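Structural characterization, general
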Amino acid sequence: AVVRGLSLDVVFPIVHGPFGEDGTLQGLLELANVPYVGAGVLSSALAMDKVMAKVHFAARGLPLVDHTVVPGPEWDHDPDRVIRRIEQQLGYPIFVNPANLGSSIGVSRATDNDTLRSALATAWKFDDKLLVEAAVKQPREIECSILGNDKPEASVPGEVIPSGAFYDYNAKYIDDQTQLVIPANLTAERTTEVQTMAVAAFQSLDCNGMARIDFLLDGSSDQLYVNEVNTLPGFTTISHYAKLWEVSGLPYPALLDRLIDLAFAQHRRRQRIHTSSTQ
């Protein structure tokens, strides 16, 4: 029997962070048998966990910055040993990130032993697993929006130019000096590379609906790295996801229509799957 669910046509779950974009809300909507926009349970969980996302990026052969993972038990057992390991593996400067948090919350840049110890202490307030990454030299922050289910399309890339040292929480939500340049000042070949890698990153996490893929471009070596997949990017008319599609020729109202259509299409596919042998 098909569960009737709530009397809603479709849900657009624009909720950031834990319990919003990590698969838990998506699981609730699946239990209620309600169509919803965006990635499913597994894809949402993978994208939210930066460590597991990198495992899948690597399996797809996507380029990643050098990094290491610090589990909670290792830190609890011997913090000094953890710091020595990070210094030996990555050196400085480095970035310390909570593995399961967005919006750059809890992220710090470390340049020596003291700032690393402080950065780790800050990040531990937000997660029990940390991702530590080598800093990219002369970094350029490139973004690309993805739209689709089984045949995802990529927007033109854009470049974020933060007013501070890096694109932190303040630059994202408070400081109005951060700029988004669309299209990004890239060669045609590099633009194609960004779009191709964005689709590959989207597919590596088995996403559907939408996502914004963030890259780091090393200004010294010209190496492009996949940074992360945001399955529920900001979604106002001035948010980067929508602005990238606007410049790509898809205005905001039409973008909403496409996303809702994709949500219904994905829901129809889920309905054909049996969950027991008696159905």
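By convention here, each chain's residues receive numbers from 1 onward along its written sequence. pLDDT decides what is reported in this predicted model: residues at 70 or higher carry local features, side-chain atom pairs at 80 or more are listed and counted, and totals for whole chains, interfaces and linings draw on all residues regardless. To get the side-chain values, take all heavy atoms of the structure and skip hydrogens and water.

**Things to note about the environment of Val-69**
Examined against the element boundaries, Val-69 turns out to sit in strand β1 (residues 67–71). Each residue is assigned to one of three classes by its accessible area relative to the maximum for its type, calculated with a 1.4 Å probe on protein chains only: buried under 20%, partly exposed between the two thresholds, exposed over 50%. For Val-69, a relative accessible area of 26% puts it in the partly exposed group. Between the C-alpha atom of Val-69 and that of Asn-97, which follows or precedes it by 28 residues, the distance is 9.7 Å. Contacts between residues were defined by any pair of non-hydrogen atoms, one from each residue, lying within 4.5 Å. Other than its neighbours up to four places away in sequence, Val-69 contacts Val-51, Glu-74, Arg-85, Lys-129 and Leu-130. Secondary structure elements are taken from DSSP: a helix is a run of H or I of four residues or more, a strand is a run of E of two residues or more, and numbering for both begins at the N terminus.

**What about helix α9 (residues 240–247)?**
For α9, the set of buried residues is His-240, Tyr-241, Ala-242, Leu-244 and Trp-245. On the buried face of α9, the contacting elements are β5 (139–148), β6 (153–154), β7 (158–161), β8 (179–181), β9 (209–218) and α10 (252–271). One or two steps after α9, the chain reaches Gly-249, where phi turns positive at roughly 105°.

**Details of the pattern of salt bridges**
For this document, the term salt bridge refers to a Lys or Arg side-chain nitrogen within 4 Å of an Asp or Glu carboxyl oxygen. One pass over the structure, following the stated rule, counts eleven salt bridges. Between Asp-80 and Arg-117 there is a salt bridge, with its nearest N and O atoms 3.0 Å apart. In this pair, Asp-80 is assigned in helix α5 (residues 79–90) and Arg-117 in helix α6 (residues 113–124), connecting sequence segments 37 residues apart. A salt bridge links Asp-222 to Arg-190; its shortest N-O distance comes to 3.5 Å. With Asp-222 in the loop between β9 and β10 (224–230) and Arg-190 in helix α8 (residues 188–204), this residue pair connects regions lying 32 residues apart in the sequence. Look at the salt bridges and you will find they share partners, linking Glu-143, Arg-212 and Asp-214 into a network.

**What about α5?**
Three or four residues apart is the spacing at which side chains of an α-helix point the same way, because the helix has 3.6 residues per turn. Look at α5: 16 Å from first C-alpha to last across twelve residues, which is about the 16 Å you get at 1.5 Å a residue. Taken residue by residue, α5 has Val-82, Ile-83, Ile-86 and Leu-90 as its buried positions. Projected down its long axis, α5 carries its buried residues within an arc of 100°, all on one side. Facing away from the buried surface of α5 by more than 90 degrees, the exposed residues are Arg-81 and Gln-88. Elements that come into contact with the buried residues of α5 comprise β1, α4 (72–77), β2 (94–98), α6 and β4 (129–134). Looking one or two places after α5, you find Gly-91, whose phi comes out positive at around 70°. One less than the residue count of a helix, multiplied by 1.5 Å, gives the span that helix is expected to have. The arc refers to the directions leading from the helix axis to the C-beta atoms.

**Observations regarding the nonpolar core**
Residues enter a nonpolar core if they are buried and are Ala, Val, Leu, Ile, Met, Phe, Trp, Tyr or Cys, with the set joined through side-chain atoms within 4.5 Å. Phe-57, Leu-205, Ile-213, Phe-215, Val-226 and Val-229 are the most contacted members of the largest nonpolar core, which totals 27 residues. Elements represented by at least two residues in this core include exactly α2 (41–48), α3 (50–59), β5, α8, β9 and β10. In terms of residues, this core owes the most to one element, α8, which gives seven residues. Core analysis: the second largest hydrophobic core is formed by 16 residues, Ile-83, Leu-90, Ile-94 and Val-96 among them.

**Considering the packing of aromatic side chains**
Any Phe, Tyr or Trp ring, taking Trp's six-membered ring, that has another such ring centre within 6.5 Å forms a pair; planes under 30 degrees apart are called stacked, those over 60 apart edge-to-face, and the others tilted. Under the defined criterion, the tally for this structure stands at four aromatic pairs. Taken together, a centroid distance of 5.6 Å and an interplanar angle of 35° make the contact between Phe-235 and Tyr-241 tilted. Where Phe-235 meets Tyr-252, the ring centres are 5.7 Å apart and the plane angle is 40°; that geometry is what we call tilted. On the criterion of sequence distance, the pair formed by Phe-235 in the loop between β10 and α9 and Tyr-252 in helix α10 is long-range, its members being 17 residues apart. Since its relative accessible area comes to 7%, Phe-235 is described here as buried. Aromatic rings pair up to connect Phe-12, Phe-235, Tyr-241 and Tyr-252 into one cluster.

**Section: the pairing of β1**
Taking every second residue as pointing to the same face, the buried face of β1 carries Thr-68 and Val-70, while none of His-67, Val-69 and Pro-71 on the other face is buried. At least two DSSP bridges between two strands are needed for those strands to be called paired. Here β1 pairs with β4 via five bridges, running antiparallel. Bridging across to β4, Thr-68 finds its partner in Val-132.

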